[in-house]
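Coordinate analysis (summary)
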Amino acid sequence: MASQVVPDQWSAAETQVVADAVIRAPSVHNIQPWTVRLTGRDAQLREREDVTLPHFDPHGRDRTLSCGAALANLELAVRVLGRDVTTSLYPDPAQPDLVATVTAGARRAPGTADLHRYGAISRRRSYRRQFTGVLVSEHELAAVAQAGTTPGVGVLPVRGERDPAAVAALLLTAAQTSRRDHGYQRELALWTIRDHRSHRHGVGIIAADLTAGALPWAGLVRSATDVPRRDVLLRRLGQEGLLLFHTPGDSPADHLRAGYALQSAWLTAIDAGLVASVLTQPLHDPGIRSAMARSLGLAGYPQVLIRIGHSLGTPAPASLRRAIGEVLLRP
């Protein structure tokens, strides 16, 4: 049928849709460590190994998680363009920076869920602030968790009497360590942009979004971050929705899948009128990461936590973004 014929090149309009979606993906310290090359009907997502956080993320786990979030946006863009999608992870062993190839296939009308998630891409923000205290319902949390449950990734709601207590103890330990870690603090300061209006590089965290804050809503722990008593933190966690993404292995492919699942869940939360922010810093301590797996009864590896709640009404600022010409590589 004529409607099933697939052009062998991306149109200018399709290219713009793909680029806009990928550029808006979340990333560790907003470093945006990816590029996209469009060739034929393939979209190649590559990890920028020249963009590094040697102290915070020495093994590149969060960087690959970030690429997984970009992959989720890339797939959504292609589906919304009305195409079937076939994705291959790490398709070429000789090119380890090629993390995924997304191939646009035959015409297919996008599904309702994809349209809703795609619409949430431009509204997604990291909400590193206190939530209202209105508890996310069990139904809402289950829907967000279900959206993030993808092959190779499990999503565990942290609720009840036992789980938040274990997580609170580990978050406190990790925060105290990070406050005293001068290397971590220097690197965070390096990626913090004080004057974002005149900033030209399109990467980094806007300082206004990094108030000294308190746990758990501080997100990124600074030297001035308030570390409350354990009972206070436990009470605060009890007023939030918290999801832990975990994988059976700990390879780059596992990290990529976890980032993909995280973004799928995050966009579902935004579409439902919720806000969220991500926590990975505690999981960079091997001891804390292992202890969290034991405490929560996980057979695999914790990869990332996401806080979900209701906004107090003050919108989080839009993060900086790289120029399209820096992200989109021409054949």
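Note that the structure is predicted; figures quoted are calculated from it, not measured.

1. Focus on the layout of surface pockets
To locate leftover empty space, one rolls a probe as large as a water molecule over the atoms. Counted as a void, the largest pocket has a volume near 640 Å³. For the lining of the largest pocket, the secondary-structure elements that each account for two or more residues are helix 2 (61–80), strand 7 (205–206), helix 8 (252–271) and strand 9 (275–279). A volume near 330 Å³ is recorded for the second largest pocket. Taken together, 19 residues make up the lining of the second largest pocket; nearest its centre are His55, Phe56, Gln281, His284 and Asp285. Looking at the lining of the second largest pocket residue by residue, the classes come out as eight nonpolar, six polar and five charged.

2. What about empty space enclosed by the protein?
On inspection of all chains with the given rule, the structure shows one cavity of 30 Å³ or more. One number sums up the size of the largest cavity: a volume of about 60 Å³. What lines the largest cavity is Leu171, Ala175, Leu215, Pro216, Gly219, Val221, Leu279, Gln281 and Pro282. Of the residues assigned to the lining of the largest cavity, the class counts are seven nonpolar, two polar and no charged.

3. Describing the packing of helix 2 against helix 3 (residues 112–121)
Closest axis-to-axis distance for the helix 2/helix 3 pair is 10 Å, and the angle between their directions is 120°. Judged by the inter-axis angle, helix 2 sits oblique to helix 3. In this structure, helix 2 crosses over helix 3, and the sense of that crossing is left-handed. Residue-level contacts link Asn73, Leu76, Ala77, Arg79 and Val80 of helix 2 to Asp114, Leu115, Arg117, Tyr118 and Ile121 of helix 3.

4. Observations regarding the confidence of the model for the chain
Per-chain confidence: the chain averages 92 in pLDDT, with 95% of residues scoring 70 or above. With pLDDT under 50 throughout, residues 1–5 is counted as low confidence; its partners more than four residues away or in other chains account for four contacts.

Rules used throughout
- Residues numbered from 1 in each chain as written.
- Predicted model: local features only at pLDDT ≥ 70, side-chain atom pairs only at ≥ 80, totals over all residues.
- Heavy atoms only, no water.
- 1 Å grid on protein atoms, 1.4 Å probe; cavity = no way out; pocket = protein on both sides within 12 Å on 5 of 7 lines; lining within 4 Å.
- Points joined across faces, edges and corners; volume = space filled by probe spheres on them.
- Helix = DSSP H or I, 4+ residues; strand = E, 2+ residues; numbered from the N terminus.
- Nonpolar A, V, L, I, M, F, W, Y, C, P; charged D, E, K, R; others polar.
- Axes fitted to C-alpha atoms, helices over the stretch in contact; angles between N-to-C directions.
- Parallel < 35°, antiparallel > 145°, perpendicular 65-115°, else oblique.
- Left-handed = near helix turned anticlockwise from the far one by under 90°.
- Contact = heavy atoms within 4.5 Å.
- pLDDT = per-residue confidence, 0-100.

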